[in-house]
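Structural overview for review
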Amino acid sequence: MNEEKLITGYHGTKRENIDSICKNNFSISLDKENKLFLGYGVYFFYSCEDALDWNIKKFIEEFKYLPEYKIVINKYGIIESNIYVKEDDILDLDNKEKLYRLEILIKKFEGKFVTKPEYIRAKNKTSAIINILYNRKLMNKKILSKTFFEQIKTKELNSFKNYPRKMFCIKDTSIINKNKEEKNINNDLFDSIIYFYR
């Protein structure tokens, strides 16, 4: 059955963006350099923890030091969004059957892509292919979802260094029903994340 389902997503962003997004919704990032993980769109995590981690990482990239809790909270925020989408409009690339179908689609058109300027210039070839497929209306799923793995600085548990984070990318903002700021970000959660940056 292709029933509509509710997905709650968490999006980390700079604090000055929050009011505008909550009032006017998100705008699609065009990804002109073809460097985004799943092509152009609006990116969400399935957990608030991962969105906070994203904010901390962005802070460190920008300011080059490990921040305190209040500094990050004053600089960045998290938006909680309600997303209503039918199951058939989600392409979950953790599913091998769906990943296989995407591989076959790419293989079918790949020869036509390699000479395209956007493909040649792309920082991420997979992202470039996804963007080309959407721009040419060869793909129409409203959400792409994928788990990626990131190395974290574990001190005792070496076998857990590859930490999974599941993200999804929305291609059609009309499925976003409600945005609000997530304010339940406590110091304990922050401390558990910053620990792995030390």
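Our subject is the structure that appears above.
A brief report on the enclosed structure follows. (Residues numbered from 1 in each chain as written. Predicted model: local features only at pLDDT ≥ 70, side-chain atom pairs only at ≥ 80, totals over all residues. Heavy atoms only, no water.)

Re helix H7 (residues 187-194)
- Of the positions making up H7, those classed as buried are Phe190, Ile193 and Ile194. Buried residues in H7, looked at end-on, bunch into an arc of 95 degrees, giving them a common side.
- Elements that come into contact with the buried residues of H7 comprise helix H2 (48-63) and helix H3 (69-75).
- Regarding H7, its N-cap is Asn186, as a side-chain oxygen of that residue lies 3.1 Å from the backbone nitrogen of Asp188 further along. (Buried < 20%, exposed > 50% of the residue type's maximum accessible area, 1.4 Å probe, protein only. Helix = DSSP H or I, 4+ residues; strand = E, 2+ residues; numbered from the N terminus. Arc of directions from axis to C-beta. Contact = heavy atoms within 4.5 Å. Polar contact = N/O pair within 3.5 Å; in protein donor to acceptor, adjacent residues only side chain to side chain.)

Considering the pairing of strand S6 (residues 162-170)
- Judged from the 4 bridges that link them, strand S2 (residues 42-45) and S6 form a sheet pairing that is antiparallel. Paired with Val42 across the strands is Ile170, a residue of S6.
- Pairing of strand S5 (residues 143-151) with S6 involves 9 bridges; the strand directions are antiparallel. The residue bridging Phe149 from the neighbouring strand is Pro164, located in S6. (Pairing = 2+ DSSP bridges.)

Considerations on the packing of aromatic side chains
- As enumerated under the stated definition, the model contains 10 aromatic pairs in all.
- Judged by centre distance (5.4 Å) and plane angle (70 degrees), the ring pair of Phe37 and Phe148 falls under edge-to-face. Here Phe148 lies in strand S5 and Phe37 lies in the loop between helix H1 (18-24) and S2, a separation of 111 residues in the sequence.
- Judged by its relative accessible area of 18%, Phe148 falls in the buried class.
- Plain terms: the ring middles of Phe44 and Phe168 are 5.4 Å apart, the flat faces sit at 15 degrees to each other, and that makes the pair stacked. Taken as a pair, Phe44 in strand S2 and Phe168 in strand S6 lie far apart in primary sequence, 124 residues in all. Take Phe44 and Phe168: they sit in the same class, and that class is buried.
- The ring centre of Tyr119 lies 4.8 Å from the NZ or CZ of Lys125, which sits over that ring. (Phe/Tyr/Trp six-rings, centres within 6.5 Å; stacked < 30°, edge-to-face > 60°. Lys NZ or Arg CZ within 6 Å of the ring centre and 35° of its normal.)

Regarding the side chain of Glu80
- Tracing the sequence through the fold places Glu80 in strand S3 (residues 76-86).
- With residues near it in sequence (within four places) discarded, Glu80 still touches Thr8, Gly9, Tyr10, Lys178, Asn179, Lys180 and Glu182.

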